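Structure at a glance
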Number of protein chains: 2
Amino acid sequence: MVATLADSCFLRACHGLPTDTTPVWFMRQAGRSLPEYHRARAGTTLLEAVARPDLVTELTLQPVRRYGVDAAVLFSDIVVPLEAIGFGVDIVAGLGPVMERPFAGRADLDRLRPPDGEDLAHVTAAIRQLVGELDVPLIGFAGAPFTLASYLVEGGPSRHHPRTKAMMLGDTALWGDLVDRLAEVAIASLGAQVSAGAAAVQLFDSWAGCLSPDHYRRHAAPASRRVLAAVAGMGVPAIHFGVGTGELLEDMAIGTDVVGIDWRVPLDAARARLGAGVAVQGNLDPAACLAPWEMVAAEARAVLAANAGRPGHIFNLGHGVLPETDPAILERLVHLVHDEGRSAEP
Amino acid sequence: MVATLADSCFLRACHGLPTDTTPVWFMRQAGRSLPEYHRARAGTTLLEAVARPDLVTELTLQPVRRYGVDAAVLFSDIVVPLEAIGFGVDIVAGLGPVMERPFAGRADLDRLRPPDGEDLAHVTAAIRQLVGELDVPLIGFAGAPFTLASYLVEGGPSRHHPRTKAMMLGDTALWGDLVDRLAEVAIASLGAQVSAGAAAVQLFDSWAGCLSPDHYRRHAAPASRRVLAAVAGMGVPAIHFGVGTGELLEDMAIGTDVVGIDWRVPLDAARARLGAGVAVQGNLDPAACLAPWEMVAAEARAVLAANAGRPGHIFNLGHGVLPETDPAILERLVHLVHDEGRSAEP
């Protein structure tokens with residue numbers, strides 16, 4: 001089983017190796033746009049669903065069955081480890097994670113500790129069940145320290161991150177301690193997922209693109225690099241992803257195997273910035289999937305053309321599947337990528 | 001008066017000419033963070049305020065008086081011309097523009113026509129009153145066709161612009177007609193503002209950064225260029241601004257005098273991409289202004305250092321003033337820029 005997975009086109013592409021076909025999966029493939037997802041989740045909050053290994057297994061498997069994607073991604077959320085250590089998090093439908101008491105100062109550091117095996121027992125149970133049923137690699141994930149810190153400090157999703165940036169610039173010692181704690185949370189969570197069977201991990205720095213390159217380098221990258229360095233020791237490839245990160249790509253590439261690229265940067269431009277040592281994931285605009293199929297196909301072919309057959313390309317959207325997406329479009333998209341996305345020898 | 005204004009450091013910088021000091025103004029300087037603004041606007045909706053030339057004059061003058069900025073910007077909103085032609089727009093506090101009936105298809109094109117002198121009589125009356133009282137140039141503005149189209153199609157502000165992109169990709173003929181109409185709306189609105197006395201204009205393409213470079217070039221840039229070409233014939237400089245537009249800067253620079261840069265792209269990188277023929281405006285992170293003054297000063301000095309004394313720099317934030325901003329910080333910021341921002345000869 002392990003030997004088979006290591007030969008999977010997804011894991012080979014993570015390592016920059018040639019593949020028979022371009023692997024494809026979709027961020028947020030589990031959920032939102034799938035009718036079978038809404039049926040299975042009916043009457044269950046997201047955190048209640050995450051607490052039930054049987055349901056997590058079903059929700060994680062659904063898109064693999066329907067789409068034939070080359071990787072599964074664990075049904076979870078980046079705040080699950082924070083909820084597991086009792087920080088006090090709710091996930092409000094249509095809004096996102098909301099903190100009962102936002103992180104306001106040094107005293108709140110005591111509320112943050114790395115989750116242990118017992119805290120994450122529901123997560124690891126689901127992963128062990130999943131790896132017994134899957135014939136494609138399972139991707140685990142964690143939130144990067146900056147993005148988690150923004151949720152903690154703002155108290156929820158934020159467009160401008162005002163409190164976060166004020167703390168980051170105004171109290172660098174407290175900020176450094178906060179992101180260090182969150183790096184430990186991410187490392188413990190990813191370690192537990194990999195020990196249970198996750199074959200790759202993605203580090204989501206969803207909000208990093210709101211930072212100037214200087215701020216990213218000084219106040220976000222060091223803690224993320226601690227996480228990536230720990231993942232390197234776990235023996236699985238890492239994907240490092242953010243949105244609106246065109247100016248940050250070179251910095252985000254340090255210490256990772258794969259960089260996730262949103263649709264704002266064409267893959268050829270991303271490749272030129274990153275050089276040959278790192279694989280890329282992306283980058284079809286999720287909103288393009290709402291157009292008629294002929295247009296989606298043209299857009300997908302443009303992504304493949306921009307990569308020009310270079311090994312080390314994992315096809316994905318540039319961000320998560322939008323709830324309005326027709327699953328039939330994603331199904332055809334997987335077929336198109338598999339049919340037309342064969343990579344050339346390097 | 002006109003001769004004096006043409007010699008103003010703001011207009012000289014728009015044209016890339018050396019100045020004794022770096023000019024500075026702030027997007028959204030009129031409003032939100034000023035206590036005198038909240039007092040003057042109490043009990044008045046934004047559209048009611050825009051309809052009263054005396055109040056528009058007062059709100060436009062307030063930040064000039066308090067901060068000593070080098071340009072005034074008309075108190076208005078990019079949807080004002082749409083409201084003026086009876087499209088049916090409301091501006092909801094804390095949310096933004098909302099359409100009574102969103103743009104849904106070809107029949108809705110008939111609801112869009114360029115505003116005439118009578119439609120904009122309240123706007124031009126305010127401008128005439130203002131230019132009699134101001135001793136700095138007045139900046140008029142309009143929404144770029146893509147950004148206005150997004151509001152019309154989505155029916156309000158949108159994070160992912162799903163309907164807009166689906167229409168843009170799925171019905172290019174309808175989309176082309178829509179943005180052409182909106183270009184005519186912007187041209188008529190800017191023409192009226194300049195005739196009444198606006199000395200420069202800013203074209204706001206606030207949402208352009210959600211587009212891939214290919215989509216921007218094909219579906220947004222042509223209509224914006226029609227607007228910029230018309231402005232070139234009006235004899236005033238144009239500033240072309242968007243957020244998250246790092247990959248679009250070269251395209252946005254065509255046909256404009258100044259490109260607005262958000263904080264994600266350092267000014268030296270922006271200058272390198274744009275070449276010497278275009279001036280730049282920006283680009284302090286608005287959220288940085290929420291930090292203690294010493295940090296704000298360091299950030300402002302970093303912006304000036306990145307420009308390295310090159311002529312053709314207008315200091316500004318990378319986006320609008322955040323409501324949480326302390327006006328005293330902006331006041332000190334203007335002094336710092338004036339004291340330390342003198343440009344060298346080219």
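What comes next is a walk through the structure. Remember, it's a predicted structure, so these values are computed and weren't measured experimentally.

1. Topic: the interface of chain B and chain A
Contact residues are listed per partner, giving 33 residues for chain B and 33 residues for chain A. Summing both sides of the interface, chain B and chain A together bury roughly 2700 Å²; the carbon and sulfur share of this comes to 58%. If you sort the residues of chain B by the area they bury against chain A, B:Leu169, B:Glu247 and B:Arg264 come out on top, with a joint share of 21%. For the interface between chain B and chain A, the tally reads 6 salt bridges. Our enumeration of links across chain B and chain A arrives at 10 residue pairs in polar contact (both at pLDDT 80 or more). For the side of chain B that touches chain A, the elements supplying multiple residues, two or more each, are α9 (162–170), α11 (213–232) and α14 (293–307) of chain B. Of the residues forming the side of chain B that touches chain A, the biggest block, 5 residues, is contributed by α9(B). Split into classes, the residues belonging to the side of chain B that touches chain A amount to 17 nonpolar, 7 polar and 9 charged.

2. A short note on the packing of α9(B) against helix α10 (residues 172–196) of chain B
The description of two helices packed together rests on the angle between their axes and the distance between the axes. Residue and element names in this part refer to chain B. Two elements in contact, α9 and α10, have axes whose closest approach is 5 Å; the angle formed by their N-to-C orientations is 115°. Compared by their axis directions, α9 and α10 come out roughly perpendicular. Note on element contacts: α10 touches α9 through Thr172, Leu174, Trp175 and Leu178, opposite Thr164, Met167, Met168, Leu169 and Gly170.

3. A short note on helix α8 (residues 145–154) of chain A
One turn of the α-helix equals 3.6 residues, which is why residues spaced by three or four share an orientation. Residue and element names in this part refer to chain A. With respect to burial, α8 is a largely interior element, 10 of its 10 residues being buried. Among the residues making up α8, those that are buried are Pro145, Phe146, Thr147, Leu148, Ala149, Ser150, Tyr151, Leu152, Val153 and Glu154. Count one or two residues on from α8 and you reach glycine 155, which has phi positive near 90°.

4. Examining the packing of α8(A) against helix α10 (residues 172–196) of chain A
All names here are of chain A. The contact between α8 and α10 brings their axes to 9 Å, and the two run at 115°. Comparing the axis directions of α8 and α10 gives the class roughly perpendicular. Both α8 and α10 take part in a crossing whose hand is right-handed. Of the residues in α10, those touching α8 at Pro145, Phe146, Leu148, Ala149, Leu152 and Val153 are Trp175, Leu178, Val179, Leu182 and Ala183. Residue composition of the contact of α8 with α10, grouped by class: 11 nonpolar, no polar and no charged.

5. Considering the relation of the copies chain B and chain A
One copy of the chain maps onto the other through a rotation about an axis followed by a shift along the same axis. The transformation that overlays chain B on chain A combines an axial shift of 0.0 Å with a rotation of 180°, and the residual RMSD is 0.0 Å. One copy is carried onto the other by what is essentially a two-fold rotation axis. Looking at the interface residues of chain B, 100% of them are also at the interface in chain A, so both copies use one shared face.

Cut-offs applied
- Residues numbered from 1 in each chain as written.
- Chains lettered and ligands numbered in written order.
- Predicted model: local features only at pLDDT ≥ 70, side-chain atom pairs only at ≥ 80, totals over all residues.
- Heavy atoms only, no water.
- Contact = heavy atoms within 4.5 Å.
- Buried area = accessible area lost by both parts, 1.4 Å probe.
- Salt bridge = Lys/Arg side-chain N within 4 Å of Asp/Glu carboxyl O.
- Polar contact = N/O pair within 3.5 Å; in protein donor to acceptor, adjacent residues only side chain to side chain.
- Helix = DSSP H or I, 4+ residues; strand = E, 2+ residues; numbered from the N terminus.
- Nonpolar A, V, L, I, M, F, W, Y, C, P; charged D, E, K, R; others polar.
- Axes fitted to C-alpha atoms, helices over the stretch in contact; angles between N-to-C directions.
- Parallel < 35°, antiparallel > 145°, perpendicular 65-115°, else oblique.
- Buried < 20%, exposed > 50% of the residue type's maximum accessible area, 1.4 Å probe, protein only.
- Left-handed = near helix turned anticlockwise from the far one by under 90°.
- Least-squares fit on C-alpha atoms with pLDDT ≥ 70 in both.

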